[in-house]
Amino acid sequence: MTTPDIAARRVLGAIAALVVGTLTLSACGGNASADSDTNSKGGGGTSAKTSTAKIVISAKDGATNASINATGVQVSNGRLTDVKMTVAGSGQAVEGVVSANGASWKPKEQLERGTKYQISATAKDVSGKTSAANSIFTTVSSSNSFIGTYTPDNGTTVGVGMPVSFTFDKVIGDKKAVQSHITVTSSSGQQVVGHWFGAQRLDFRPQEYWKAGSKVTMKIDLDGVEGANGVYGVQKKTVTFTVGRSQVSTVDVNTQTMTVVRDGQTLKSLPISSGSPEHTTYNGQMVISEKFTQTRMNSRTVGLGGEYDIPDVPHAMRLTSSGTFIHGNYWYNKANPPFGQTGTSHGCVGLADVQGAQGATNAKWFYDNSLIGDVVIVKNSPDKTVAPDNGLNGWNLAWSEWTAGSAA
């Protein structure tokens, strides 16, 4: 038989259970990435309707390898009304742009690697009900990502010999994955193939020099591509450049002259002074990769001890990464100029010039009439042919050798 005290205790226990259940349900009403309806009304025993607007933040809450390019916010069945992105901890605001239709938001600038961010977003559906979502995440770190430094730059005009060249800051283990996410095409219709020099450099070129006047487009789609175990790309962009007129200059060491040919027509034949018998000039096809109105040249930087240190070499254009230039020479023996006569340099190709790079000299004329990417061919030197990866000089590989170095 149930006594009154026992019955009372059972009733109180049931009420307590209901209260606990209610509190438990209230405590589980949201989380960092859940939608919420701020216009819901309680009471009367009627279930509140939630917003149909669905917000998706591409960087999941708690992610540690979020993209620095593709991170953003999207909404379906509604319009974004507010998005705030900050650097977690400092609260520094990250500016962004909402699309015209209100369906997406993205940062104005590329995010920083290895940085913790927070996004808070709200949206409304057609009935005015609000949804909200939040995410705190960290972008991919420098140690777990790779970047390719490339040339030529977007919007430039280059010579017909200019390859597309990438140098990656990490060793690439999966060359095929990386190469397949970089495409290079030309308006000329020339086939363009990539070639790996080791595990950190990838160049692209056609079989023959680029067609003059063509437009070349490079699409980099490396964001999220695993280039090595646990190391991902972060770049996503399109780069275009223009190939200018065709200029190929041929240095003949036997005659100490350089013949400059543009679009099939000879412009000038210039007297030069190549490398001396002790410091010969490389043979082969070389591409101008840098131009300096004046630059310092120190023999110690190329392993030649203290033989020279010239602080203001005029009209210098780099042909190899090991230190071969075609440049002006003002320190020559004025009583017996070597140009057109004999080789006197430490491997460079010298042209008559004046100190200060201001005179109307052969060196200035050639400098003014040259583009990054123009070709300089050296022949009849007693030296070997320049290595194809010593500078941008992959033209010294036969097409069969070039394509054999492709991973795609």
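A brief report on the enclosed structure follows. (Residues numbered from 1 in each chain as written. Predicted model: local features only at pLDDT ≥ 70, side-chain atom pairs only at ≥ 80, totals over all residues. Heavy atoms only, no water.)

Comments concerning the overall build of the protein
Part 1: Helix and strand counts for the protein stand at 4 helices and 27 strands.
Part 2: Burial statistics for the protein: of 408 residues in total, 42% are counted as buried.
Part 3: The long-range fraction of contacts in the protein, counting pairs at least 24 apart against all pairs at least 6 apart in sequence, stands at 64%.
Part 4: Per element, the accessible surface of the protein, about 20300 Å² overall, is 51% carbon and sulfur. (Helix = DSSP H or I, 4+ residues; strand = E, 2+ residues; numbered from the N terminus. Buried < 20%, exposed > 50% of the residue type's maximum accessible area, 1.4 Å probe, protein only. Contact = heavy atoms within 4.5 Å. Areas by Shrake-Rupley, 256 points an atom, 1.4 Å probe, with all protein chains shown as cover.)

Details of the environment of Thr71
Part 1: Residue position: Thr71 is located in the loop between β1 (54–57) and β2 (73–76).
Part 2: For the pair Thr71 and Lys106, spaced 35 residues apart in the sequence, the C-alpha separation amounts to 6.9 Å.
Part 3: A polar contact of 2.6 Å, which involves the side chain of Thr71, links it to the backbone oxygen of Ser67. (Polar contact = N/O pair within 3.5 Å; in protein donor to acceptor, adjacent residues only side chain to side chain.)

Looking at the sheet that holds strand β10 (residues 157–158)
Sheets are built from strands that pair by backbone hydrogen bonding, the pairs being arranged parallel or antiparallel.
Part 1: Strand order in this open sheet of 4 strands is β10-β18-β15-β12, and the pairing throughout is mixed. The sheet terminates laterally at β10 and β12 (182–186), the two strands that pair on one side only.
Part 2: Inspection of the sheet shows β10 paired to strand β18 (residues 236–243) by 2 bridges, in the parallel sense. The residue of β18 that forms the bridge with Thr157 is Thr242. (Pairing = 2+ DSSP bridges.)

Points about the pattern of salt bridges
Part 1: Under the counting rule described, the total for this entry stands at 7 salt bridges.
Part 2: In this structure, the salt-bridge partner of Lys84 is Asp82, at a minimum N-O distance of 2.8 Å.
Part 3: Lys236 serves as the salt-bridge partner of Asp221, at 2.8 Å between the closest nitrogen and oxygen. Placement of the pair is Asp221 in strand β15 (residues 215–221) and Lys236 in strand β18, with a sequence separation of 15 residues.
Part 4: A relative accessible area of 49% places Lys236 in the partly exposed class. (Salt bridge = Lys/Arg side-chain N within 4 Å of Asp/Glu carboxyl O.)

Some details on the sheet that holds strand β3 (residues 79–87)
Part 1: Here 3 strands make up an open sheet; going across it, the order is β3-β6-β7 and the pairing antiparallel. Edge positions in the sheet fall to β3 and β7 (130–138), since each has one partner strand and no second. Taking the axes of each pair of neighbouring strands and ignoring which way they run, one obtains an average angle of 10 degrees across the sheet.
Part 2: Here 9 bridges tie strand β6 (residues 116–124) to β7, and the two strands are oriented antiparallel to one another. Residue Lys124 lies in a different strand from β7, and its bridge partner there is Thr130. (Axes fitted to C-alpha atoms, helices over the stretch in contact; angles between N-to-C directions.)

Description of the nonpolar core
Part 1: Of all hydrophobic cores here, the largest spans 29 residues; its most connected members are Phe166, Phe168, Val178, Ile182, Val184, Phe204 and Met218.
Part 2: Listing elements by their share of this core, those giving two or more residues are β11 (164–168), β12, β13 (192–197), β14 (201–206), β15 and β18.
Part 3: When sequence neighbours within four positions are dropped, the list of residues in contact with Val178 reads Phe146, Phe168, Ile172, Trp196, Leu222, Val225 and Gly227.
Part 4: Judged by nonpolar contacts, the second largest core, of 24 residues, contains Ile57, Val73, Val87 and Trp105. (Core = buried A, V, L, I, M, F, W, Y, C linked by side-chain atoms within 4.5 Å.)

Some words on the environment of Gly350
Part 1: For Gly350, the position within the fold is in strand β26 (residues 349–352).
Part 2: In the structure, Gly350 is positioned 23 residues away from His327 in sequence and 5.2 Å away in space, judged by C-alpha atoms.
Part 3: If near-sequence neighbours (up to four positions away) are discounted, Gly350 is found in contact with Pro271, Ile272, Ser273, His327 and Phe339.

With respect to the packing of aromatic side chains
Part 1: Inspection of every chain in the model, using the stated rule, returns 10 aromatic pairs.
Part 2: For the pair Tyr150 and Phe166, a centre-to-centre distance of 5.7 Å together with 45 degrees between the ring planes defines the contact as tilted. With Tyr150 in strand β9 (residues 148–151) and Phe166 in strand β11, this pair connects stretches of sequence that are 16 residues apart. Taken as a pair, Tyr150 and Phe166 share a single burial class, namely buried.
Part 3: Pairwise contacts between aromatic rings join Phe146, Tyr150, Phe166, Phe168 and Trp196 into one cluster.
Part 4: In this arrangement the basic side chain of Arg205 is found over the ring face of Trp402, its NZ or CZ atom lying 4.5 Å from the centre.
Part 5: Looking at Lys334, its charged tip hangs above the ring of Tyr332, at a distance of 4.3 Å from the centre. (Phe/Tyr/Trp six-rings, centres within 6.5 Å; stacked < 30°, edge-to-face > 60°. Lys NZ or Arg CZ within 6 Å of the ring centre and 35° of its normal.)

Some remarks on unusual backbone geometry
Part 1: In this structure, the amide linkage connecting Thr151 to the following residue, Pro152, adopts the cis form with an omega of 5 degrees.
Part 2: Mapped onto the elements, Pro152 comes out in the loop between β9 and β10.
Part 3: The backbone of Asn77 shows a phi angle near 60 degrees, a positive value even though the residue is not glycine.
Part 4: Structurally, the position occupied by Asn77 is in the loop between β2 and β3.
Part 5: In this structure, His315 takes a positive phi of about 50 degrees despite not being glycine.
Part 6: The topology assignment puts His315 in strand β24 (residues 309–318).

Topic: the pairing of β2
Part 1: Only one face of β2 is buried, namely the one carrying Val73 and Val75, since none of Gln74 and Ser76 on the opposite face is buried.
Part 2: Where β1 and β2 come together, 4 bridges link them in antiparallel fashion. When the sheet's bridge partners are listed, Ile55 is paired in β2 with Val75.

Details of the environment of His327
Part 1: Its place among the elements puts His327 in strand β25 (residues 325–329).
Part 2: Those residues in contact with His327, other than ones at most four positions away along the chain, are Met297, Val313, Pro314, His315, Ala316, Cys348, Val349, Gly350 and Leu351.

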